[in-house]
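Chains, contacts and geometry: an overview
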Amino acid sequence: IPVDPFDLVVFGGTGDLAQRKILPALFRRHCDEQLPDGARIIGAARSDLTRESYQALVAEALQTHCGAVAPEQLARFLDRVLYLRVDATDPAGWQALTQELGKPRQDRVRVFYFSVGPSLFAPLAEQIWAHELADDQTRIVVEKPFGHDLASARALNQTLASHFDESQIYRIDHYLGKETVQNLMAIRFGNMLFEPLWNSQYVDHIQITVAETVGVGGREAYYDKSGAMRDMMQNHLMQLLCLIAMEPPAKFDPDAVRDEKLKVIRALEPVEPHHIVRGQYVAPSGATGSDLTYRETVGAPRSTTESYVALKAHISNWRWAGTPFYLRTGKRLVARSSVINVFFKDAPHSIFGADAGRHANLLTIRLQPDEGITLKVTIKEPGPGGMRLMDVPLDMSFAQALGDNIHGAPDAYERLITDVIRGNQTLFMRGDEVEAAWAWTDPIIAGWTSRGDVPKPYDSGSTGPGDADLLMRRDQRDWRGIN
Ligand code: BG6
């Protein structure tokens, strides 16, 4: 179903995100006939480009990021694409933009995509207002990082709030656009089977792993100021935690869902320093190649930024008191794997005696790659040898079960951008959610700074620092997911 007619202005239209994600996402929706006639995409940036040279840039980006591109589709898409030279801090280009867009109209959705550094949010918002380019139907999209800490996130929220209502602000966390992440809600709230067991009475603990094989090459300056805690834990892993731990919202609607997520974040206890492990990747001995050692990659021989973090979190509420959540994420690990493991408790009493061993159910939700669900169940070991037990997987790979439907699933940005145009904020972070996540993160980072904490080295291509395994072993548990 096509979305409503729209004008989408991409500030930072020549930047990396626009080229890699935003424009390819729009192009794929265009190829699926989801963009109506007359929908326009206006690249805006400081470079002095003509419309034609911008179109050539866009064509190149699509050819690089969208695989085989049909020439007639490309030509039709480029017809939608305009370019204007606009500088957030210089009124000159705004006249042309105002002329191009005209007054806001009720029959045309207007979106301003701030694909620029946060320091430009305030000047952009002010120019948009000064030129009367927005009405109460206008939407703005902002990317992460949304702040560097609680104070900066608050300041950004205040800046945006002075010109736009919260219902007009779409803060992107691209994990929420992933098909399998949305599936977490379907699995939990679409089935009767899991929800009655989804609490500390039945769940021993939960592990969330987001492991990457990529390093930080290409984004050194940003990453060395952020680290895994700010880059991944405060947002993507926090969102996964919320979706796994939240109470059922009354409806699948933006505020109902976000109210419940916020309650989870606010119920998180401060993390004890000995419940957190930071790591930084180093080259394994004898290894050669680029990006094998974090400090060399970022060109800072004494950097203490973490490329890995693992922690144990507790949610102080009725449902989860006593059930730990172990979260870890890192770069340059042995495999790319985002997975959630829900470990159920042992049966309260084994009728098969101590020899039968421990057999607890384990629900594994694989988010990427090889999306699917596995439930480990206990059965009788086949054969005449008495009542011996074994564990077998009830395994469902989405690729096998859904065939082409899963491959046709839109990329996160396709879903999120169409949601913006449709005016659906369910998969976007609300301002209070982001602030609450920073309020939990800030003391952890402040603790590292005040203690002069140095991350533990771990080999590129490994499962992370040994101390992360110790964190588990102290609790008589082991990580699952990448090892
Ligand atoms: C981004 C982080 O938000 O998410 C990157 O800034 C990270 O450091 C990326 O690599 C991971 O996203 P995905 O979709 O590849 O899991």
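A brief structural summary. (Residues numbered from 1 in each chain as written. Predicted model: local features only at pLDDT ≥ 70, side-chain atom pairs only at ≥ 80, totals over all residues. Heavy atoms only, no water.)

1. Focus: helix α8 (residues 220-245)
Its axis deflected by about 100° at G227, α8 carries its strongest bend there. Burial within α8 is extensive, with 21 of its 26 residues counted as buried. (Bend = angle between axes of the 7 residues up to and from the residue. Helix = DSSP H or I, 4+ residues; strand = E, 2+ residues; numbered from the N terminus. Buried < 20%, exposed > 50% of the residue type's maximum accessible area, 1.4 Å probe, protein only.)

2. Comments concerning the nonpolar core
Counting residues in hydrophobic clusters, the biggest one holds 144 residues, and the most contacted among them are F6, F11, F77, F114, M229, F325 and W440. Ranked by residue count, the leading element in this core is α8, at 13 residues. In this view, F6 contacts L26, L35, P36, G38, A39, R40, I41, R108, V109 and I421; residues no more than four positions away in its chain are not counted. (Core = buried A, V, L, I, M, F, W, Y, C linked by side-chain atoms within 4.5 Å. Contact = heavy atoms within 4.5 Å.)

3. Focus on the sheet that holds strand β8 (residues 276-282)
Here 9 strands make up an open sheet; going across it, the order is β14-β13-β12-β11-β7-β10-β9-β8-β15 and the pairing mixed. Since the sheet does not close on itself, it has two edges, and those belong to β14 (389-397) and β15 (456-459), each with one partner. Strand-to-strand, the axes of this sheet are offset by a mean angle of 20°, without reference to chain direction. Packing of helix α7 (residues 179-190) onto the sheet brings it into contact with β11 (337-344), β12 (362-368) and β13 (372-380), and relative to β12 it is tilted by some 150°. Helix-sheet contacts for helix α15 (residues 466-473) involve β7 (203-211), β8, β9 (308-313), β10 (325-330) and β15, and the interaxial angle to β9 is about 10°. (Pairing = 2+ DSSP bridges. Axes fitted to C-alpha atoms, helices over the stretch in contact; angles between N-to-C directions.)

4. Digging into the pattern of salt bridges
Applying the stated criterion to the full structure yields 38 salt bridges. Through salt bridges with shared partners, one network takes in D255, R258, D259, R430 and D432. (Salt bridge = Lys/Arg side-chain N within 4 Å of Asp/Glu carboxyl O.)

5. Structural notes on the pairing of strand β2 (residues 40-45)
By the criterion of burial, β2 is predominantly enclosed, with 6 of the 6 residues buried. In β2, alternate side chains face the same way, and those of R40, I42 and A44 on one face and I41, G43 and A45 on the other are all buried. Note that strand β1 (residues 6-11) and β2 share 5 bridges and pair parallel. Bridge pairing links D7 to R40 in β2.

6. Notes on the site of the ligand
By nearness alone, every residue bordering the ligand is listed as K144, H174, Y175, K178, E212, R219, D231, M232, H236, K331, R336 and Q368. In this structure, an oxygen atom belonging to the ligand sits 2.4 Å away from a side-chain N or O atom of Y175. Between an oxygen atom of the ligand and a side-chain N or O atom of K178, the distance comes to 2.6 Å. Surface burial for the ligand is 80%, taken as the share of its 400 Å² of free accessible area covered by protein chains. In terms of residue count, α8 provides more of the shell around the ligand than any other element does, 3 residues in total. Here the residues of the shell around the ligand are counted per class, giving 2 nonpolar, 3 polar and 7 charged. (Near = heavy atom within 4 Å. Polar contact = N/O pair within 3.5 Å; in protein donor to acceptor, adjacent residues only side chain to side chain. Areas by Shrake-Rupley, 256 points an atom, 1.4 Å probe, with all protein chains shown as cover. Nonpolar A, V, L, I, M, F, W, Y, C, P; charged D, E, K, R; others polar.)

7. Focus on the packing of aromatic side chains
Per the counting criterion, the structure on display carries 15 aromatic pairs. Ring centres of W129 and F164 lie 6.2 Å apart, and the angle between their planes is 65°; on these two criteria the pair is classed as edge-to-face. Of this pair, W129 sits in helix α5 (residues 121-130) while F164 sits in the loop between α6 (150-161) and β6 (169-171), placing them 35 residues apart in sequence. Looking at F164, the relative accessible area reads 3%, which means it is buried. Relative to W198, the ring of F194 has its centre 6.3 Å away and its plane inclined at 65°; by these criteria the two rings are edge-to-face. (Phe/Tyr/Trp six-rings, centres within 6.5 Å; stacked < 30°, edge-to-face > 60°.)

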